[in-house]
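Descriptive structure summary
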Amino acid sequence: MIQHIDVHAVLQESVSGVYTDLVTRPTGRVVRECIERAMATAAGDGAVARIDFAGVGCIDYSCADEIVAKLLRSRPGVLVLTGISDGHREAIEPVLAGHRLAVLIERPDGTLEAVGAPHAAAALLEELVARRLAARTPGGTLTLT
Amino acid sequence: MTRLVEVPTQFDDRSFDQFASAFAEAAKDGERLLFDAHAAEWASPYGLVGLLAAGQAARGTGGGGGGGAGGSAERPLLTAPTHADVLTYWTRAGFFREAAELFEIHGKVPRVKAAEESDVLLPVTPVRAAEDVHAVVSNIQRRASAILASELGLDPKATMGFAMALSEACQNIVEHAGTGGWVAVQAYHWRRKLAKRVVVIAVADAGVGFRHSLEPTQSKRFGTRWGDAAALEAALIQGVSRFRDPGRGQGLAGIRRYLARWDGKIAIRSGTARIAIVPKWDDDVPLKDGLPAFPGAQVLIIIPEQGSTKP
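Residues numbered from 1 in each chain as written. Chains lettered and ligands numbered in written order. Predicted model: local features only at pLDDT ≥ 70, side-chain atom pairs only at ≥ 80, totals over all residues.

Points about the overall build of chain A
Let me state the cut-off plainly: Only runs of H or I of at least four residues qualify as helices and only runs of E of at least two qualify as strands under DSSP, and these elements are numbered from the N terminus. Radius of gyration: C-alpha atoms only; globule rule: 2.2 Å multiplied by the number of residues to the exponent 0.38. Here a residue counts as buried when 20 or more other C-beta atoms fall within 10 Å of its C-beta, as exposed when 12 or fewer do, and as partly exposed in between; the C-beta atoms come from the backbone. Two residues form a contact once the distance between their C-beta atoms, set from the backbone, is within 7 Å.
When its secondary structure is counted, chain A shows five helices and seven strands. In terms of overall size, chain A behaves like a compact globule, its C-alpha atoms giving a radius of gyration of 14 Å where 145 residues would be expected to give roughly 15 Å. Dimensions of chain A along its principal axes, counting C-alpha atoms only, are 45 × 30 × 25 Å. Looking at chain A as a whole, 41% of its 145 residues are labelled buried. Partitioning the intrachain contacts of chain A with sequence separation of at least 6 by distance along the chain shows that 63% fall at a separation of at least 24.

Thoughts on the domain arrangement of chain B
All names here are of chain B. This is how it is decided: What fixes the domain bounds is an automatic or database domain assignment. By the convention adopted, Pro, Cys, Tyr, Trp, Phe, Met, Ile, Leu, Val and Ala count as nonpolar, Lys, Arg, Asp and Glu as charged, and the other residues, Gly among them, as polar.
As assigned here, chain B comprises domain 1 (1-107) and domain 2 (117-311). Between domain 1 and domain 2, the C-alpha centre-to-centre distance is 22 Å. Contacts between the two partners involve 22 residues from domain 1 and, on the opposite side, 27 residues from domain 2. Broken down by secondary-structure element, the contributors of at least two residues to the side of domain 1 that touches domain 2 are α1 (16-27), α2 (45-60) and α4 (95-102). In terms of residue count, α2 provides more of the side of domain 1 that touches domain 2 than any other element does, 10 residues in total. Here the residues of the side of domain 1 that touches domain 2 sort into 12 nonpolar, six polar and four charged.

Focus: the interface of chain A and chain B
The interface of chain A with chain B comprises 22 residues on the first partner and 20 residues on the second. For the side of chain A that touches chain B, the secondary-structure elements that each account for two or more residues are α2 (25-40), α3 (61-74) and α4 (86-99) of chain A. In terms of residue count, the dominant contributor to the side of chain A that touches chain B is α4 of chain A (seven residues). Looking at side-chain class alone, the side of chain A that touches chain B contains nine nonpolar, seven polar and six charged residues.

What about the nonpolar core?
Residues and elements named next belong to chain B. Under the convention used in this document: In this description, a nonpolar core means buried residues of the types Ala, Val, Leu, Ile, Met, Phe, Trp, Tyr and Cys, linked to one another by C-beta atoms lying within 7 Å.
In terms of nonpolar packing, the biggest core is built from 141 residues, with V49, L166, V183 and V185 touching the most fellow members. Sort the elements by how many residues they give to this core and helix α6 (residues 158-177) lands first, with 12 residues. Ignoring anything within four residues of it in the chain, the contact list for L166 reads V136, V137, I140, V185 and I201.

Section: the sheet that holds strand β9 (residues 196-205) of chain B
Residue and element names in this part refer to chain B. Heads up, the condition is: Strand pairing is assigned whenever DSSP identifies at least 2 bridges connecting the two strands.
With antiparallel pairing, the seven strands of this open sheet are ordered in space as β7-β8-β9-β13-β10-β11-β12. Edge positions in the sheet fall to β7 (120-127) and β12 (287-288), since each has one partner strand and no second. When strand β8 (residues 181-190) meets β9, the two strands line up antiparallel, connected through 10 bridges. Paired with W182 across the two strands is A204, which belongs to β9.

Describing the confidence of the model for chain A
The condition that has to hold: What pLDDT expresses is the predictor's confidence in each residue, scored from 0 to 100.
In this model, chain A carries a mean pLDDT of 88, and residues with pLDDT of at least 70 account for 95%. Averaged pLDDT values for the elements of chain A fall to 82 in strand β6 (residues 134-136) of chain A and rise to 94 in strand β4 (residues 102-106) of chain A.

Things to note about the sheet that holds strand β5 (residues 77-79) of chain B
Residues and elements named next belong to chain B. Rules: Helix axes use the C-alpha atoms of the stretch in contact, all axes being lines fitted to C-alpha atoms, and the angles between their N-to-C directions lie in the range 0 to 180 degrees.
The strand order across the open sheet formed by four strands is β1-β3-β5-β6, and the pairing between neighbours is parallel. Pairing within the sheet leaves two strands with one partner each, and these edge strands are β1 (2-6) and β6 (104-106). Adjacent strand axes in the sheet meet at a mean angle of 25 degrees when their direction is disregarded. Relative to strand β3 (residues 32-36), β1 runs parallel, the two being bridged by five bridges. Bridge pairing in β3 places E6 opposite D36. α1 rests against β1 and β3 of the sheet, and its axis sits at about 175 degrees to β1.

Considerations on the packing of helix α5 (residues 130-151) of chain B against α6 of chain B
All names here are of chain B. Short version of the rule: Roughly parallel means an angle under 35 degrees; roughly antiparallel means over 145; roughly perpendicular covers 65 to 115; every other angle is labelled oblique. For any pair of crossing helices, the crossing counts as left-handed if the nearer helix is rotated counterclockwise from the farther one by less than a right angle, and right-handed if it is rotated clockwise.
Relative to each other, α5 and α6 sit at 150 degrees, their axes nearing to 9 Å. When the axis of α5 is compared with that of α6, the two are roughly antiparallel. Both α5 and α6 take part in a crossing whose hand is right-handed. Where α5 approaches α6, its residues A130, V133, V136, V137, I140, Q141, A144, S145, L148 and A149 are matched on the opposing element by A158, T159, F162, A163, L166, S167, C170, Q171 and V174. Broken down by class, the residue content of the contact of α5 with α6 amounts to 14 nonpolar, five polar and no charged.

A closer look at helix α1 (residues 7-14) of chain A
Residues and elements named next belong to chain A. As a reminder, the rule being used: Regarding the arc, it is the one traced by the directions from the helix axis to the C-beta atoms.
The complete set of buried residues in α1 reads V7, V10 and L11. Each buried residue of α1 sits inside an arc of 100 degrees when the element is viewed along its axis, so together they form one side. The exposed residues of α1 that point more than 90 degrees off its buried face are A9 and E13.

What to know about unusual backbone geometry
Excluding glycine, most residues fall at negative phi; most peptide bonds, likewise, are trans. Its identity is not glycine, yet R100 of chain A carries a phi of approximately 60 degrees, on the positive side. Along the chain, R100 of chain A turns up in the loop between α4 and β4.

Next up, the structure:
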């Protein structure tokens with residue numbers, strides 16, 4: 001089972017019904033804690049959580065660190081980010097690289113990409129295939145199973 | 001007795017040390033201060049937010065006349081510019097809206113609104129809490145996208161990076177200053193240096209400054225070298241933070257990455273030192289120490305119009 005978490009909805013409910021941007025540490029902390037609570041209800045270590053950033057405007061480096069990097073460090077399951085724009089990537093990639101972490105991004109066509117530190121990204125994709133959570137398509141790309 | 005602090009006629013980051021020197025001299029005996037801007041001909045966003053920070057410091061350290069820390073009921077005085085165009089611009093830039101709380105203002109201030117649609121991309125705006133940073137980021141994306149893309153030739157994708165840089169610069173106040181501060185963003189044609197359009201972000205506060213903020217975690221590492229310059233170097237170049245959380249220090253590092261990509265400049269003044277990441281088109285010095293003391297931190301970010309930026 002894949003759990004779906006709508007970050008925009010979490011932001012609107014937990015922090016502000018007005019703003020759509022993920023900026024500042026306090027905002028990131030509140031949003032991450034809401035996501036963690038939602039994920040705690042999902043099944044076991046092997047669970048896949050699809051974190052959807054559609055509708056989120058700007059993400060700053062502080063929020064990328066507070067949400068994505070800290071979820072990756074604390075969460076034993078698999079995180080897949082969707083709805084990621086180029087602007088979001090601009091914040092997330094260097095933050096994860098600095099931590100030597102990587103995360104999966106699901107593109108609009110369903111294919112997966114690992115971004116962050118190169119070694120961690122390669123290891124993440126290998127692990128995903130080994131655990132049969134993703135499979136290679138005939139074109140060589142990866143999708144969730 | 002009232003001590004005079006002259007506001008430079010051309011008030012920007014280059015003349016700020018002259019202003020800081022006058023401020024330090026006048027404020028040392030705790031008398032009430034008079035900031036004299038009557039002859040001002042021009043002020044950059046950096047000058048405007050810096051003047052507010054001086055007003056904040058004058059109230060907070062007893063320079064308001066009553067003496068002693070914690071401020072006084074008597075606000076410092078400010079004589080407004082006499083030149084009508086200057087006065088109108090300072091008003092449109094949102095300066096007087098903020099200054100009214102800090103200063104006893106002398107001179108006639110016109111009743112014009114802070115700019116809605118103009119080169120003032122973000123009028124002088126107070127930053128006290130995370131909620132203020134949300135408002136700043138939201139406003140700048142709404143107002144600045146078109147100018148950043150069409151006039152500066154930045155890729156539309158760069159707008160979000162600009163908002164990120166602005167957010168991180170403002171968060172330095174919320175997280176480290178121990179007091180509120182101000183931010184302003186403006187686009188203008190910079191004839192003196194580049195003969196191009198630029199967008200300028202200016203952020204200032206009169207809080208504790210970088211040295212005080214980093215002292216508990218960094219001073220031992222630097223030993224006798226520890227001071228304002230070392231603190232700025234630690235924060236901007238080494239990306240250290242007062243927090244032990246390994247993810248901290250991302251903000252200034254992110255700003256540096258963004259500016260490297262768009263050939264921009266950042267300069268931070270705190271206490272008696274100033275540090276800058278200097279692009280090829282500028283002749284600023286990377287680190288200055290022994291400057292006239294000024295409280296808090298003042299940040300200047302400049303992003304030039306894209307294309308050749310000849311030094």
